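Geometric and topological summary
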Number of protein chains: 4
Amino acid sequence: MKALVYHGAGKKSWEEKPKPVVIDPTDAVVRILKTTICGTDLHIMKGDVPTVTDGRIIGHEGVGIIEDTGSAVSNFKKGDHVLISCITSCGKCEYCKRSMYSHCTTGGWILGNLIDGTQAEFVRIPYADNSLYPIPAGADEEALVMLSDILPTGFECGVLNGQVKPGDTIAIVGAGPIGLATLLTAQFYSPSEIIMIDQDDNRLNIAKTFGATHIINSGRENAVETVMKQTNGRGVDVSIEAVGVPATFELCTAIIAPGGHVANIGVHGKSVTLHLETLWSRNITITTRLVDTFSTPMLFKNVQSHKLDPNKLITHHFKLAQIVEAYNTFGNAANEKALKVILTNE
Amino acid sequence: MKALVYHGAGKKSWEEKPKPVVIDPTDAVVRILKTTICGTDLHIMKGDVPTVTDGRIIGHEGVGIIEDTGSAVSNFKKGDHVLISCITSCGKCEYCKRSMYSHCTTGGWILGNLIDGTQAEFVRIPYADNSLYPIPAGADEEALVMLSDILPTGFECGVLNGQVKPGDTIAIVGAGPIGLATLLTAQFYSPSEIIMIDQDDNRLNIAKTFGATHIINSGRENAVETVMKQTNGRGVDVSIEAVGVPATFELCTAIIAPGGHVANIGVHGKSVTLHLETLWSRNITITTRLVDTFSTPMLFKNVQSHKLDPNKLITHHFKLAQIVEAYNTFGNAANEKALKVILTNE
Amino acid sequence: MKALVYHGAGKKSWEEKPKPVVIDPTDAVVRILKTTICGTDLHIMKGDVPTVTDGRIIGHEGVGIIEDTGSAVSNFKKGDHVLISCITSCGKCEYCKRSMYSHCTTGGWILGNLIDGTQAEFVRIPYADNSLYPIPAGADEEALVMLSDILPTGFECGVLNGQVKPGDTIAIVGAGPIGLATLLTAQFYSPSEIIMIDQDDNRLNIAKTFGATHIINSGRENAVETVMKQTNGRGVDVSIEAVGVPATFELCTAIIAPGGHVANIGVHGKSVTLHLETLWSRNITITTRLVDTFSTPMLFKNVQSHKLDPNKLITHHFKLAQIVEAYNTFGNAANEKALKVILTNE
Amino acid sequence: MKALVYHGAGKKSWEEKPKPVVIDPTDAVVRILKTTICGTDLHIMKGDVPTVTDGRIIGHEGVGIIEDTGSAVSNFKKGDHVLISCITSCGKCEYCKRSMYSHCTTGGWILGNLIDGTQAEFVRIPYADNSLYPIPAGADEEALVMLSDILPTGFECGVLNGQVKPGDTIAIVGAGPIGLATLLTAQFYSPSEIIMIDQDDNRLNIAKTFGATHIINSGRENAVETVMKQTNGRGVDVSIEAVGVPATFELCTAIIAPGGHVANIGVHGKSVTLHLETLWSRNITITTRLVDTFSTPMLFKNVQSHKLDPNKLITHHFKLAQIVEAYNTFGNAANEKALKVILTNE
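Since this is a predicted model, take the numbers as computed values, not measurements.

A separate point is the relation of the copies chain B and chain A. For the pair of chain copies, the relating transformation is a rotation about an axis with a translation along it. Overlaying chain B with chain A gives an RMSD of 0.0 Å, the required rotation being 180° about an axis along which the chain moves by 0.0 Å. Taken together, the rotation angle and the small translation identify this as a two-fold axis.

This is the structure in structure tokens:
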């Protein structure tokens, strides 16, 4: 089969690889129908993720069709359409029993990282019963690709950890795909005001059409001052970091009201400064999280009942065989006005 | 009346001041029976708390007898014995309605800070109905002085914010009065293991008699390594910072297990480094809090039912008029083996 | 002044009564601008509420203007426009400190019950700072009358106690004003499906326009069978009782899924049968609640930000002096297609 | 092998049955070391549990040694000592993912009910990785038998569902093994007062030694009156039903304070009367639950750290081959002063 293979920093190729087979009784092999590229994949390609080694097939998102199953798989059979979770869960370790699948002792984020991933014609999925979700006939499979990672990430790490409540004033820092996924799912809890902060006017304008009530271009305005003015000096109930650099995290802690929640989503490469000399007495909560994807079934229901439209996040389409071109587009997102790309295995 | 008055950094005196009177209809004037000195008072005396100005009577803890009440006070009358909360609460602002009395818009920590405090023969208590608690006849009033600040602080900022649960392994960094108050109240939730970390062997030994299951002298051992070894490399479910310096906060974040809670109690004067480059994916929660004292009635019940013995925290007794001497003892706590001192107004 | 006075079962009159005055320092006197009639008022008029005695002015909802305040009132001054809560809260008893204002030891539901109420030109409001909410200039005061009782009741007793979550399938039994208020506020939490059950086609059709995804006329269909069929035999995650008779409560417990929540809102006059012989093993939660109105500020924000439109619930308008006629209309709600009536004091 | 077999109401025998074998890849076969008899087994023997049919091996508690495992079992291998949960969990259905193992779509309470159980020399355990717990060398295996059912049942259905908190006043109705297990585990949350209600003086006296602060013999006293007097007319914060008949459930709802929690544990054979005509406005919560056993690992830790001593519940010992005699003793518990019996497979 063909697959996108990482060959060290800056090197990748669409090349022939052996088709995966069932190894463990809990495995399934899935033929990919549609996949996408994640911001994390760009980091991998730069060589920033040392766990990914030469020869690895990249990718941790997608929908597909069951091709084969191990003897202990009972939820799926050949021919079933499935949604692939970016997180692999054994369902039986201490962390899985706490629904903290991200820290599964033999799973977690391993697809396209420690084992071969989904940017390929086929992929082996360990613990298939716990790591795949059935797709009913007639569902919108492109929309569902957004449920592999980006929507549960925005929802769990941002909205749930931030404890967004009806009536809240919230700020989301970063209007990329993850920030926008957070914006869409934050509205499940009816905050009164949603302030979106970014430096890209195109993305801020998209945010407005997605439900943001205020936008701030932090490249042109002092975001702290603007937020404090909009909230009468009180700050926001929830601030959500969806970038992954010190400045945006520190912004989140500068605009938080007493009793508020700062929810970090961003993947950080450096430490940040935490101003405990002012924050110690402000009764705030800061959270970090690698997505657990425990909310995927709920998000799926809300896609099916039209409370959530993930298609809004898709800007570009390619054939899977054009994946190198797709990487170029996605890697140049600001100029291409790209959010998420869909790759179809035809 | 006589009172302990702050006269700028390093200067205090026990001197004559006018006896306070009822100003607002919700005020009470209380004759102090017993009071104590807080670590915060030592900071004030060093000039570290800029909101405290020359002429201020210090102190925010104590028990006393109602001397006079305003026309709107209905819970108390002259002669009632009362416990004074370190936090003043109006009961009617946004924050008080959320039980976040620490941020009461016209109260919070004002006693011995923005208004005159309890290290005096009399004190005026605003919003008396919400800021005082009735003491029944026969109660142990010395023990109750520990409920003005130290026990709700350890319990709310440490135990509740840390979400200590039955079966947990927890670490408390700092075995001073606050850390020990945390240790006592953490046991309300039956953690399996309580690791106490400090550099003072005397305090660590006291911690053992108070229920610590392990002690670590971080002056002699590498605390991170010892904790990780004791927890089989997993870390603790809850780590509680009860010192207030960067090193102890960073220790708390270095030993936390995935999914764990870091609860800050310490009053910090400097920013700290938060290692988001490792913590972003560890699903942790960090909290800060100025005590709200909403738990005081519950703690009071547990003192009355002998589930909690605050007397353990009292090491020294003085007459109120000897308060300057008491400051010397308390300010030299390690040598004096002092935890909390009781000052009695005779 | 003029007021609607109860004179025993079946007897009421619009008559002259003394204008109320400030009695306690925490009181305010409010001139009524707009008020309404509650289903509970109809029960009172039938003689079903023994705490209401001859001579009582009825009514516990409304907006008005501050006419006078006691010496301890600090949140309001003469001329301020205010929303009146149906629940009076002292802010300082055990229950108020737990935000359970409904059980305030000297307040709770006393307006138009134990003390004179709002169906009058003026009303005295005890504990004004805790029981009134400021109305900013330009707000829609008719809409806000719905926040005195009906919207917090549907939200707190139904939606919050039922723990409605994104993705849930919920059923609301009863499409009267309270059931419809529940329907509006349930959508703050984005349930996937909302099944509305009643015997009145007009109200069910209104429910559809308010966001119900399915309607069942239980006068014509077997509601249990229909719900179980719609949920593939699983039952609903949340069932909310908004009528107050045994049959509707028992319906709620018959359609609940394992792990589900049954939230009772209805005022019951009789005991009900609880089928513990089947329910004991189904991991369900049943709640009851007299509204606390702690959520009023949040609902107010959502009205101001246009997430909630209470005007939908208003079907009829009268002058306050026409209140006896308004009672006739509201008491004949099915034929008059009445939901809530607004009475304006001109 | 030998096993205790049910042959219809009133008929059981210790007889030869085929030794179980691995059927599914997730199965394990366990050689029983120690087992016990549950009150539910007595119900089965009376013919009250229609799902149990002629020929079924009874029993759902025990510890043993792994004899054989299916190909997908990864947590255990031959020779491992294991604790058997009374609840079988697949780890991958909707309910298991919510930690509601009691309602596992292919598991739940099936042992000694829908499939052969543990009162035998060997037992087949489906979904072994999720339904067994490893026992470290040196652990007290008799004590651990109490963790198969009785301790998680008291803890989850009673203590957790009742939301017992520090400072609470709670009542437990029924001082049999389940009520006493509730009493032991309620103390994990440090309630101030624990009132134990039963009609058996022996069990009430045991309750006192287990930590009850008050005992009431409801055969001699009016329990409602006594509780209301002890609580100054307020009622208890939590009442826990551990019997399973209408009178005890109704007692629990009669003594509950406003805002309180009624937690049902008992297995009921009849419906009960719920007095909504008074309870509708009292803001109470009523829960039911079949134990999920999700708390077993936590309870295990608290046994290992000596916070919980299940041996207190064991009053009698038999050889497994003497099980018919053990049934006679356990079935005559009041006269025999029996709580739990241990059956050892020698």
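We are not done yet, so read on.
A few words now on the sheet that holds strand β9 (residues 193-198) of chain A. Strands sit in the order β10(A)-β9(A)-β8(A)-β11(A)-β12(A)-β14(A)-β14(B)-β12(B)-β11(B)-β8(B)-β9(B)-β10(B) across an open sheet of twelve strands; the sheet is mixed. Of all the strands in the sheet, the pair left with one neighbour each is β10 (214-217) of chain A together with β10 (214-217) of chain B. Shown here is a sheet whose adjacent strand axes are inclined to one another by a mean of 15°, direction ignored. Seen against the sheet, helix α9 (residues 246-254) of chain A touches β8 (169-173), β9, β11 (236-241), β12 (256-264) and β14 (285-287) of chain A and runs at an angle of roughly 155° to β12 of chain A.

We now examine the interface of chain B and chain A. Taken together, the contact between chain B and chain A spans 36 residues of the former and 36 residues of the latter. Of the roughly 3,000 Å² buried at the junction of chain B and chain A (both faces included), carbon and sulfur atoms supply 56%. Taken together, chain B and chain A are joined by two salt bridges. Close ionic contact of glutamate 94 of chain A with arginine 234 of chain B constitutes a salt bridge, the shortest N to O distance being 2.7 Å. Counting across the chain B and chain A interface gives 23 residue pairs in polar contact (both at pLDDT 80 or more). The set of elements that each furnish at least two residues to the side of chain B that touches chain A consists of α2 (94-97), β12 (256-264), β13 (272-274), α10 (276-279) and β14 (285-287) of chain B. Broken down by class, the residue content of the side of chain B that touches chain A amounts to 13 nonpolar, 15 polar and eight charged. Where β14 of chain A lies against β14 of chain B, three bridges are found, and the strand directions are antiparallel. Paired with threonine 285 of chain A across the bridge in β14 of chain B is threonine 287 of chain B.

Turning our eyes to something else, we now look at the sheet that holds strand β14 (residues 285-287) of chain D. The twelve strands lie next to each other as β10(C)-β9(C)-β8(C)-β11(C)-β12(C)-β14(C)-β14(D)-β12(D)-β11(D)-β8(D)-β9(D)-β10(D), forming an open sheet whose pairing is mixed. The open sheet terminates on both sides in strands that have one partner only, identified here as β10 (214-217) of chain C together with β10 (214-217) of chain D. The average undirected angle you get between the axes of adjacent strands in this sheet is 15°. Bridge count between strand β11 (residues 236-241) of chain D and strand β12 (residues 256-264) of chain D: five bridges; the pairing is parallel. In the sheet register, valine 236 of chain D faces β12 of chain D, and the bridge partner there is isoleucine 256 of chain D. Across the sheet, helix α8 (residues 223-230) of chain C lies against β9 (193-198), β10 and β11 (236-241) of chain C, angled at about 155° from β10 of chain C, the strand it touches most. Those strands touched by helix α8 (residues 223-230) of chain D are β9 (193-198), β10 and β11 of chain D, and its axis lies near 155° from that of β10 of chain D.

With that out of the way, let us pick up the relation of the copies chain C and chain B. Superposing chain C onto chain B takes a rotation of 180° plus a shift of 0.0 Å along the axis, which leaves an RMSD of 0.0 Å. Comparing contact sets, 100% of the residues at the interface of chain C also lie at the interface in chain B, consistent with an isologous, same-surface contact.

Helix-helix packing: each pair is described by the crossing angle between the helix axes and the interaxial distance. Residues and elements named next belong to chain D. Viewed as axis vectors pointing N to C, helix α6 (residues 177-186) and helix α7 (residues 201-210) meet at an angle of 15°, and their least axial separation amounts to 10 Å. Classified by the angle between their axes, α6 and α7 sit roughly parallel to one another. In this structure, α6 crosses over α7, and the sense of that crossing is right-handed. Between α6 and α7, the residues in contact are Pro177, Leu180, Leu183 and Leu184 and Arg203, Ile206, Ala207 and Phe210, respectively. The residue makeup of the contact of α6 with α7, split by class, is seven nonpolar, no polar and one charged.

With 13 residues of chain C at the interface, the matching set in chain B holds 14 residues. On the chain C side of the contact with chain B, Lys92, Lys97 and Asn130 of chain C bury the most area, a combined 49% of that side's loss. For lysine 92 of chain B, the salt bridge identified is with aspartate 129 of chain C, shortest N-O distance 2.4 Å. Summed over the shared surface of chain C and chain B, the number is nine residue pairs in polar contact (both at pLDDT 80 or more). Class assignment of the residues belonging to the side of chain C that touches chain B gives a composition of four nonpolar, six polar and three charged.

All names here are of chain B. The buried count for strand β9 (residues 193-198) comes to five of six residues, which makes it a mostly enclosed element. Where strand β8 (residues 169-173) and β9 come together, five bridges link them in parallel fashion. Bridge pairing in β9 places isoleucine 170 opposite isoleucine 194. Chirality of the crossover, the property in question, places the unit of β8, helix α6 (residues 177-186) and β9 among those that are right-handed. In this structure, β9 lies alongside β10, joined through four bridges in parallel fashion.

For the rest of this paragraph, the subject is the packing of aromatic side chains. Overall, the coordinates contain ten aromatic pairs over all chains when judged by the stated rule. Seen from their ring centres, tyrosine 189 of chain B and tyrosine 189 of chain D are 5.9 Å apart, and the 80° between their planes marks the pair as edge-to-face. Pair noted here: tyrosine 189 of chain B is in the loop between α6 and β9 and tyrosine 189 of chain D is in the loop between α6 and β9, and the two residues belong to different chains. Relative to phenylalanine 188 of chain D, the ring of phenylalanine 155 of chain D has its centre 5.8 Å away and its plane inclined at 65°; by these criteria the two rings are edge-to-face. Linking phenylalanine 155 of chain D in helix α5 (residues 150-162) with phenylalanine 188 of chain D in the loop between α6 and β9, this pair joins segments that are 33 residues apart in sequence. The same class applies to phenylalanine 155 of chain D as to phenylalanine 188 of chain D, namely buried. In this arrangement the basic side chain of lysine 19 of chain B is found over the ring face of phenylalanine 122 of chain B, its NZ or CZ atom lying 4.4 Å from the centre. The side chain of lysine 312 of chain B reaches across the aromatic face of phenylalanine 210 of chain B, ending 5.3 Å from its centre.

Right, let's talk about the environment of glutamate 225 of chain D for a bit. All names here are of chain D. Examined against the element boundaries, glutamate 225 turns out to sit in helix α8. Take glutamate 225: its relative accessible area is 56%, and that puts it in the exposed class. Placed 152 residues apart in sequence, glutamate 225 and valine 73 show a C-alpha to C-alpha distance of 55 Å.

Overall, the predicted model of chain A reaches an average pLDDT of 97, with 100% of residues at or above 70. As a predicted assembly, this complex carries a pTM of 0.97 together with an ipTM value of 0.97.

Turning our attention to the pattern of salt bridges. In total, this model carries 60 salt bridges over all chains according to the counting rule given. Close ionic contact of glutamate 142 of chain B with lysine 34 of chain B constitutes a salt bridge, the shortest N to O distance being 3.3 Å. Of the two residues, glutamate 142 of chain B is situated in helix α4 (residues 141-145) and lysine 34 of chain B in strand β3 (residues 28-35); the sequence distance between them amounts to 108 residues. Overlapping salt bridges bring together Glu94 and Arg98 of chain A together with Arg234 and Asp237 of chain B as one network.

Now for the environment of threonine 105 of chain A. All names here are of chain A. Topologically, threonine 105 is positioned in the loop between α2 (94-97) and β6 (122-125). What makes threonine 105 exposed here is its relative accessible area of 57%. Those residues within four positions of threonine 105 in sequence are excluded, and the remaining contacts are Cys93 and Tyr95.

Residues and elements named next belong to chain B. Here the phi dihedral of serine 190 falls at roughly 50°; this positive angle occurs in a residue that is not glycine. Summarising the element assignment, serine 190 is placed in the loop between α6 and β9. Judged by its relative accessible area of 9%, serine 190 falls in the buried class.

Residue and element names in this part refer to chain A. For helix α1 (residues 39-46), the set of buried residues is Asp41, Ile44 and Met45. Looking down the long axis of α1, one finds its buried residues gathered within 95° of arc, a one-sided arrangement. Buried residues along α1 sit against β1 (2-6), β2 (12-16) and α12 (323-331). Of the residues flanking the end of α1, it is glycine 47, one or two places downstream, whose phi is positive at about 90°.

Parameters and conventions
- Residues numbered from 1 in each chain as written.
- Chains lettered and ligands numbered in written order.
- Predicted model: local features only at pLDDT ≥ 70, side-chain atom pairs only at ≥ 80, totals over all residues.
- Heavy atoms only, no water.
- Least-squares fit on C-alpha atoms with pLDDT ≥ 70 in both.
- Pairing = 2+ DSSP bridges.
- Helix = DSSP H or I, 4+ residues; strand = E, 2+ residues; numbered from the N terminus.
- Axes fitted to C-alpha atoms, helices over the stretch in contact; angles between N-to-C directions.
- Contact = heavy atoms within 4.5 Å.
- Buried area = accessible area lost by both parts, 1.4 Å probe.
- Salt bridge = Lys/Arg side-chain N within 4 Å of Asp/Glu carboxyl O.
- Polar contact = N/O pair within 3.5 Å; in protein donor to acceptor, adjacent residues only side chain to side chain.
- Nonpolar A, V, L, I, M, F, W, Y, C, P; charged D, E, K, R; others polar.
- Parallel < 35°, antiparallel > 145°, perpendicular 65-115°, else oblique.
- Left-handed = near helix turned anticlockwise from the far one by under 90°.
- Buried < 20%, exposed > 50% of the residue type's maximum accessible area, 1.4 Å probe, protein only.
- Right-handed = clockwise from strand over helix to strand, strands pointing away.
- Phe/Tyr/Trp six-rings, centres within 6.5 Å; stacked < 30°, edge-to-face > 60°.
- Lys NZ or Arg CZ within 6 Å of the ring centre and 35° of its normal.
- pLDDT = per-residue confidence, 0-100.
- Arc of directions from axis to C-beta.

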